[in-house]
Amino acid sequence: MISKSLSHQWFSNVRGDLLAGLVVALALIPEAIAFSIIAGVDPKVGLYASFCIAVVTAIFGGRPAMISAATGAMALLMITLVKEHGLQYLLVATLLTGVIQIIAGLARVGDVMRFVSKSVMTGFVNALAILIFMAQLPEFKGAGMLMYGMVAGSLAIIYLLPRFTKAVPSPLVAIIVMTVLAIIFKLDVRRVGDLGSLPDALPVFLWPQVPWTLETLWIVLPYSVGLAAVGLLESLLTAQIVDELTDTTSDKNRECKGQGLANIAAGLFGGMAGCAMIGQSGINVRSGGRGRLSTFVAGVFLMILLVVLGPWVKQIPMPALVAVMIMVSIGTFSWASFKNMRRHPRSSSIVMLSTVVVVVYTHNLALGVGVGVLLSALFFARKVGQLLRVSSAREGACRTYTITGQLFFASADAFVREFDFKEEGLAKIIIDVSHAHCWDLTAVSALDKVVLKFRREGKEVEVLGLNEASATLVERLAIHDKPDPLEESLSH
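Residues numbered from 1 in each chain as written. Predicted model: local features only at pLDDT ≥ 70, side-chain atom pairs only at ≥ 80, totals over all residues. Heavy atoms only, no water.

Break down the pattern of salt bridges for me, with residues and values.
Evaluated as defined, the whole model comprises nine salt bridges. The salt bridge partner of R190 is E139, with a shortest N-O separation of 2.9 Å. With R190 in the loop between α8 (170-184) and α9 (214-246) and E139 in the loop between α6 (118-136) and α7 (145-164), this pair connects stretches of sequence that are 51 residues apart. Since its relative accessible area comes to 40%, R190 is described here as partly exposed. Classification of E139 by relative accessible area gives buried; the value is 16%. A salt bridge links R394 to E423, with the nearest nitrogen and oxygen atoms 3.1 Å apart. Residue R394 is located in strand β3 (residues 389-395), and its partner E423 is located in the loop between α18 (412-417) and β5 (428-438); the two are separated by 29 residues in the primary sequence. What makes E423 buried here is its relative accessible area of 14%. (Salt bridge = Lys/Arg side-chain N within 4 Å of Asp/Glu carboxyl O. Helix = DSSP H or I, 4+ residues; strand = E, 2+ residues; numbered from the N terminus. Buried < 20%, exposed > 50% of the residue type's maximum accessible area, 1.4 Å probe, protein only.)

And the structure:
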């Protein structure tokens with residue numbers, strides 16, 4: 001059974017995975033170089049990292065067909081460390097990042113993805129699409145009509161070729177055609193070789209040359225924690241998106257451990273920390289990649305292209321790769337979200353737009369998703385709080401209040417306002433909570449407030465129907481049933 005599952009994950013789509021892996025490998029080169037420059041390190045660091053991370057996650061990751069490599073989100077977190085302490089400390093931080101991610105996987109952190117709402121996911125996807133598009137704009141700065149023409153031509157091939165044949169991924173055809181034209185006609189456009197020197201040898205084992213002391217640990221720990229958090233967040237969200245694109249499921253906790261092993265491998269072979277890439281994963285899936293083989297091939301092809309075919313790779317015109325990334329941006333953006341804004345609840349649209357704005361403004365995926373999740377939680381709490389109902393009936397000198405719904409911090413004030421503490425002619429109050437649940441300290445405090453207010457008015461109060469969980473909470477935290485509740489309330 002296990003061997004059959006492995007065979008399916010690796011070899012159920014060999015042709016599609018091989019071709020998709022080649023397209024991804026070509027697209028990885030300029031991105032890895034660009035992210036290395038952002039981090040302030042040699043381009044080889046990003047390229048070696050992309051090779052190591054892609055190969056290791058293909059084997060140990062929890063999401064087949066997802067591409068992981070050096071990323072911009074991670075590179076941004078490394079700038080200060082590299083500037084102040086150099087490459088060797090970055091390698092140590094990368095190793096520690098991997099260890100933290102493995103621990104997170106063992107602690108089943110991947111399960112927290114269920115708390116990320118659909119609105120946050122849509123905002124995350126749209127923000128990434130915008131960032132991917134914005135990252136291509138510098139290539140147009142100062143460029144002539146030739147650049148625009150080649151990008152337009154590449155996009156025409158990418159979108160029109162599939163109407164005639166899908167035997168070969170159209171992005172790969174676009175890259176090959178534009179490269180041939182650029183070489184034959186000696187076109188004056190930026191090439192991959194203009195971005196920086198490409199490695200001409202395989203990565204070698206490299207133990208970081210730093211003093212292995214507590215001082216070193218305190219230097220790299222804050223960076224490693226940030227890298228691990230952002231890496232896992234981006235990887236888990238990307239895994240969820242690939243799940244939807246391929247209509248399959250993935251093991252999020254295994255992915256956490258796979259990302260950790262990949263970063264350890266990258267750190268030991270001279271690479272920087274990385275994570276899943278929504279853009280490259282989109283290229284892979286849309287080019288026909290479905291299995292682990294596509295991710296593995298992307299990493300292996302990357303090294304083959306650099307080491308064996310380096311002189312040819314340097315000739316690839318940037319307009320072709322820009323066109324591929326624009327295709328990814330267009331394909332990644334959820335265009336239906338515009339139409340959905342008119343029929344979805346306003347709170348969902350606010351969450352989605354807030355996530356987009358924060359991510360695009362700060363270029364910080366973790367912050368944007370964090371804001372989205374927080375807003376989702378607040379809107380949810382407000383909505384659930386509004387579902388609380390209090391009804392009452394009077395029989396002689398006794399009034400019974402019946403509570404229905406969830407009593408917690410968001411509904412506590414409304415709960416207290418439902419009671420008439422000054423009603424004349426009452427001797428006894430019954431509070432029936434058989435259809436309610438007390439969730440937190442605020443709920444218990446609200447119940448205390450109601451009971452004690454009625455008692456101050458000279459009325460007997462009885463609370464009925466607490467379920468087991470609510471009764472345990474009330475017994476532990478409530479003061480209205482203590483010998484001297486006034487003194488207890490003052491001590492609180």
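Back to the text.
Before we move on, can you summarise the nonpolar core with the specific residues and values?
When a protein is soluble and globular, its nonpolar side chains tend to lie buried together. Residues I29, M78, M272 and I283 are the most contacted members of the largest nonpolar core, which totals 106 residues. When residues of this core are assigned to their parent elements, the largest contribution, eleven residues, is made by helix α2 (residues 14-39). Ignoring sequence-local partners within four residues, the contact set of I29 consists of L47, V192, L198, L302, L305, L306 and V313. (Core = buried A, V, L, I, M, F, W, Y, C linked by side-chain atoms within 4.5 Å. Contact = heavy atoms within 4.5 Å.)

I'd like a description of the packing of aromatic side chains, backed by residues and values.
Going through the model one piece at a time under the given rule, you end up with 15 aromatic pairs. Following the ring pairs from residue to residue traces out a cluster consisting of Y401, F415, F419, F421 and F454. (Phe/Tyr/Trp six-rings, centres within 6.5 Å; stacked < 30°, edge-to-face > 60°.)

Tell me about α7, and name the residues and values.
With 20 residues, α7 extends 28 Å between its outermost C-alpha atoms, agreeing within 8% with the 28 Å of an ideal straight helix rising 1.5 Å per residue. For α7, the secondary structure elements touched by its buried residues are α8 and α14 (318-332). (Expected span 1.5 Å × (residues − 1).)

Describe the environment of T80, naming the residues involved and giving the relevant values.
Relative to the helices and strands, T80 is located in helix α4 (residues 72-85). For T80, a relative accessible area of 37% puts it in the partly exposed group. Residues T80 and A39, spaced 41 residues apart in sequence, show a C-alpha to C-alpha distance of 8.5 Å.

An account of the side chain of T97 is requested, with residue identities and associated values reported.
Counting through the fold element by element, T97 comes out in helix α5 (residues 87-106). Here the side chain of T97 touches A93 through a polar contact of 2.7 Å, landing on its backbone oxygen. Residues in contact with T97, not counting those within four places in the same chain, are S224, L227, A228 and N263. (Polar contact = N/O pair within 3.5 Å; in protein donor to acceptor, adjacent residues only side chain to side chain.)

Go over the packing of α6 against α14 with me, naming the residues and quoting the values.
Running from N to C, α6 and α14 point in directions that differ by 160°, and their axes come no closer than 8 Å. Compared by their axis directions, α6 and α14 come out roughly antiparallel. Crossing geometry of α6 relative to α14 is assigned as left-handed. Where α6 approaches α14, its residues V125, A129, I132, F133 and Q136 are matched on the opposing element by V322, M325, I326, V328, S329 and T332. (Axes fitted to C-alpha atoms, helices over the stretch in contact; angles between N-to-C directions. Parallel < 35°, antiparallel > 145°, perpendicular 65-115°, else oblique. Left-handed = near helix turned anticlockwise from the far one by under 90°.)

Please provide a residue-by-residue account of a nonpolar patch on the surface, values included.
On the surface, a cluster of nonpolar side chains totalling about 640 Å² of accessible area is made up of I183, L202, I304, V307, V308, L309 and W312. If you trace the backbone, I183 turns up in helix α8. Judged by relative accessible area, which is 32%, I183 ranks as partly exposed. (Patch = residues over 30% accessible without salt bridge, like charges linked within 9 Å, V, L, I, M, F, W, Y side chains within 5 Å. Areas by Shrake-Rupley, 256 points an atom, 1.4 Å probe, with all protein chains shown as cover.)

A description of the side chain of S349 should follow, citing residues and the corresponding values.
By the element assignment, S349 lies in helix α16 (residues 346-362). You can call S349 buried: its relative accessible area is 9%. Among all residues touching S349, those that are not within four sequence positions of it are M341 and H344.

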